[in-house]
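# Architecture and fold: a report
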Amino acid sequence: MDQAVRQLPGPRLTGLGGGLFCAAVMLAIGCLDQLLFDSSLTVYGVLFLPVCTLTALWVRGGDLVIAPIVVPIAFAVGLLTVADGSGGLSGRLVALVTALATQAGWLYGGTLVAGVIATVRRVRVMRRRVAQRRRTA
């Protein structure tokens, strides 16, 4: 029974699907953060890490390169709702750039998490292929 549980496949998203998933979840987290926690950048950053992990785990094997690329974009998309800016478009843009600068640790951390998971998964895929070729040769 334990073997059957471990072998269940998880969701497999294409590169585009992974990017849309990550951006949509971060946008939703940003909206909820604004409503529930009064735009707490720390809460937003902490919740960014599991989204990065899920994105890197759920992207299919052929699209693993995209995981560390889409997570910073999704961070910025969700940050649009959390960054406190006033004074029109220029005020929002200044608030976004300021929030990106002050929250760079979360951004780099999440990108690193996605990159490490994607790299480990890619190495495992390549090892399986090599082992399979050796068996058939």
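Now for a quick tour of the structure. (Residues numbered from 1 in each chain as written. Predicted model: local features only at pLDDT ≥ 70, side-chain atom pairs only at ≥ 80, totals over all residues. Heavy atoms only, no water.)

Evaluated as defined, the whole model comprises three aromatic pairs. When the centroid spacing of 5.3 Å and the interplanar angle of 50 degrees are considered together, the rings of Phe21 and Trp58 count as tilted. Of this pair, Phe21 sits in helix α2 (residues 15–37) while Trp58 sits in helix α3 (residues 41–58); the two residues are 37 residues apart in sequence, bridging distant segments of the chain. Residues Tyr44 and Phe75 carry aromatic rings whose centres are separated by 5.2 Å and whose planes lie at 55 degrees to one another, so their mutual orientation is tilted. In this pair, Tyr44 sits in helix α3 while Phe75 sits in helix α4 (residues 67–82), placing the two residues 31 residues apart along the sequence. Each of the two residues, Tyr44 as well as Phe75, counts as buried. (Phe/Tyr/Trp six-rings, centres within 6.5 Å; stacked < 30°, edge-to-face > 60°. Helix = DSSP H or I, 4+ residues; strand = E, 2+ residues; numbered from the N terminus. Buried < 20%, exposed > 50% of the residue type's maximum accessible area, 1.4 Å probe, protein only.)

There is about 230 Å³ of room inside the largest pocket. Top element by residues in the lining of the largest pocket is helix α6 (residues 104–136). It accounts for four residues. Residue classes in the lining of the largest pocket are distributed as three nonpolar, two polar and four charged. (1 Å grid on protein atoms, 1.4 Å probe; cavity = no way out; pocket = protein on both sides within 12 Å on 5 of 7 lines; lining within 4 Å. Points joined across faces, edges and corners; volume = space filled by probe spheres on them. Nonpolar A, V, L, I, M, F, W, Y, C, P; charged D, E, K, R; others polar.)

Looking now at the side chain of Asp33. Inspection of the secondary structure puts Asp33 in helix α2. Here Asp33 is buried and forms no salt bridge, its nearest opposite-charge partner Arg92 lying at an N-O distance of 12 Å. When sequence neighbours within four positions are dropped, the list of residues in contact with Asp33 reads Asp38, Ser39, Ser40, Leu41, Val43, Tyr44 and Val82. (Lys, Arg positive; Asp, Glu negative; His and termini not counted. Salt bridge = Lys/Arg side-chain N within 4 Å of Asp/Glu carboxyl O. Contact = heavy atoms within 4.5 Å.)

Scope: geometric values only; no functional claims are made or implied.
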